[in-house]
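Examining the three-dimensional arrangement
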Amino acid sequence: MNFYMTTGTPLFMEKLHKKHGNEKMYILYGTTETLLLHETERKTVFQTPRIYEVVDGANELQQSGFFTLYHIPVSDEGRPVFEKNIKERSGRLKEQTGLVAYRLLRPKKSETYVILLQWTDKRSYDIWKKYDPIAQELENFKIGVKKDNIFNAAIYITTYSGAKQKAEEQES
């Protein structure tokens, strides 16, 4: 399965989303950008997408809820170790209360993997982040680290809402 992302103004992303209503597309509203996701077996309609392959996942994405994207730069040598370690932990991850959907996305043209988590709401994410060891491993770069560091740069997290009116609430 292919997974594509592009960003733009809310108005432009909404028009693109509406124009291709028959595609599996999801529009996400962030505090600084609007993100459009496209999940398909085919090519995307985006002109300048970030391109990923779905390596692992659970459930269908929905146009609602709270989304967290963990951006993780992984060295070429570290990719197999990273993927293996994430997949081993994904069973526990998929069972989290409030988790709607999950995707592990392998980059096709960069080094940065994305772990996309869709939650019913921000509260569910906050509880998971505070109490679950997987969340703490992600935040502290411990997944896949043994003797050598397989990461090329610092991890960063972006958050979005699947509903336009709730985008302002993300940082609260």
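Residues numbered from 1 in each chain as written. Predicted model: local features only at pLDDT ≥ 70, side-chain atom pairs only at ≥ 80, totals over all residues. Heavy atoms only, no water.

**Regarding the pattern of salt bridges**
Scanning the model with the defined rule gives nine salt bridges in all. Between glutamate 60 and lysine 24 there is a salt bridge, with its nearest N and O atoms 3.0 Å apart. Taken together, the positions of glutamate 60 in the loop between strand S4 (50-58) and strand S5 (66-73) and lysine 24 in the loop between helix H1 (10-19) and strand S2 (25-29) put the pair 36 residues apart, joining distant regions of the chain. For glutamate 60, a relative accessible area of 46% corresponds to the partly exposed category. What makes lysine 24 partly exposed here is its relative accessible area of 32%. Here glutamate 39 ties to arginine 103 by a salt bridge, and the two come within 2.7 Å at their closest N and O atoms. Here glutamate 39, found in strand S3 (residues 34-40), pairs with arginine 103, found in strand S6 (residues 99-107); they are 64 residues apart in sequence, far enough to count as distant. The pair glutamate 39 / arginine 103 is uniform in exposure class, with both members buried. (Salt bridge = Lys/Arg side-chain N within 4 Å of Asp/Glu carboxyl O. Helix = DSSP H or I, 4+ residues; strand = E, 2+ residues; numbered from the N terminus. Buried < 20%, exposed > 50% of the residue type's maximum accessible area, 1.4 Å probe, protein only.)

**Describing the environment of alanine 154**
Its place among the elements puts alanine 154 in the loop between helix H4 (133-139) and strand S8 (156-161). With 80 residues separating them in the primary sequence, alanine 154 and valine 74 have C-alpha atoms 9.8 Å apart.

**Notes on the nonpolar core**
Among the nonpolar cores identified, the biggest contains 24 residues, and Tyr70, Ile72, Phe82, Tyr102, Ile115, Leu117 and Trp128 are the most heavily contacted of them. At the level of secondary structure, the elements contributing two or more residues to this core comprise S4, S5, helix H2 (79-94), S6, strand S7 (112-119), helix H3 (122-131) and H4. With four residues, S7 is the single largest residue contributor to this core. Here tyrosine 102 is in contact with Asp56, Gly57, Ala58, Ile86, Ser90, Leu93, Lys94, Ile115, Leu116 and Leu117, once residues within four sequence places are set aside. Within the second largest apolar cluster, 17 residues are counted, among which are Val54, Leu61, Ala101 and Tyr160. (Core = buried A, V, L, I, M, F, W, Y, C linked by side-chain atoms within 4.5 Å. Contact = heavy atoms within 4.5 Å.)

**A word on the pairing of S3**
The buried fraction of S3 is high, at seven of seven residues. Here S3 shows a buried face lined by Thr34, Leu36, His38 and Thr40 and a second buried face lined by Leu35, Leu37 and Glu39. By the bridge criterion, seven bridges tie strand S1 (residues 2-8) to S3 in an arrangement that is antiparallel. Paired with phenylalanine 3 across the strands is glutamate 39, a residue of S3. When S2 meets S3, the two strands line up antiparallel, connected through five bridges. Looking at the pairing, leucine 28 lines up with leucine 35 of S3. Turn length for the S2-S3 hairpin, with the two strands adjacent in sequence and antiparallel, is four residues. (Pairing = 2+ DSSP bridges.)

**A word on the pairing of S5**
Looking along a regular strand, one sees side chains alternate from face to face of the sheet. Burial analysis of S5 places eight of its eight residues in the buried class, the great majority of the element. The sheet contact formed by S5 and S7 spans eight bridges and is antiparallel. Counted as the bridge partner of phenylalanine 66 is tryptophan 119 from S7. Relative to S8, S5 runs antiparallel, the two sharing six bridges. Paired with leucine 69 across the two strands is threonine 158, which belongs to S8.

**Describing the environment of glutamate 60**
On a C-alpha basis, the gap between glutamate 60 and glutamine 118 in space is 9.7 Å, while along the polypeptide they are 58 residues apart. Ignoring anything within four residues of it in the chain, the contact list for glutamate 60 reads Lys24, Tyr26, Val100, Ala101, Arg103 and Gln118. Among the polar contacts made by the side chain of glutamate 60, one reaches the side chain of lysine 24 at a distance of 3.0 Å. (Polar contact = N/O pair within 3.5 Å; in protein donor to acceptor, adjacent residues only side chain to side chain.)

**Let's talk about the confidence of the model for the protein chain**
The predicted coordinates should not be examined in detail at positions where pLDDT is low. Chain-level pLDDT for the protein chain is 86 on average; 90% of the residues reach the 70-or-more range. The low-confidence segment residues 166-172, where pLDDT is below 50, has 17 contacts with residues more than four positions distant or belonging to other chains. (pLDDT = per-residue confidence, 0-100.)

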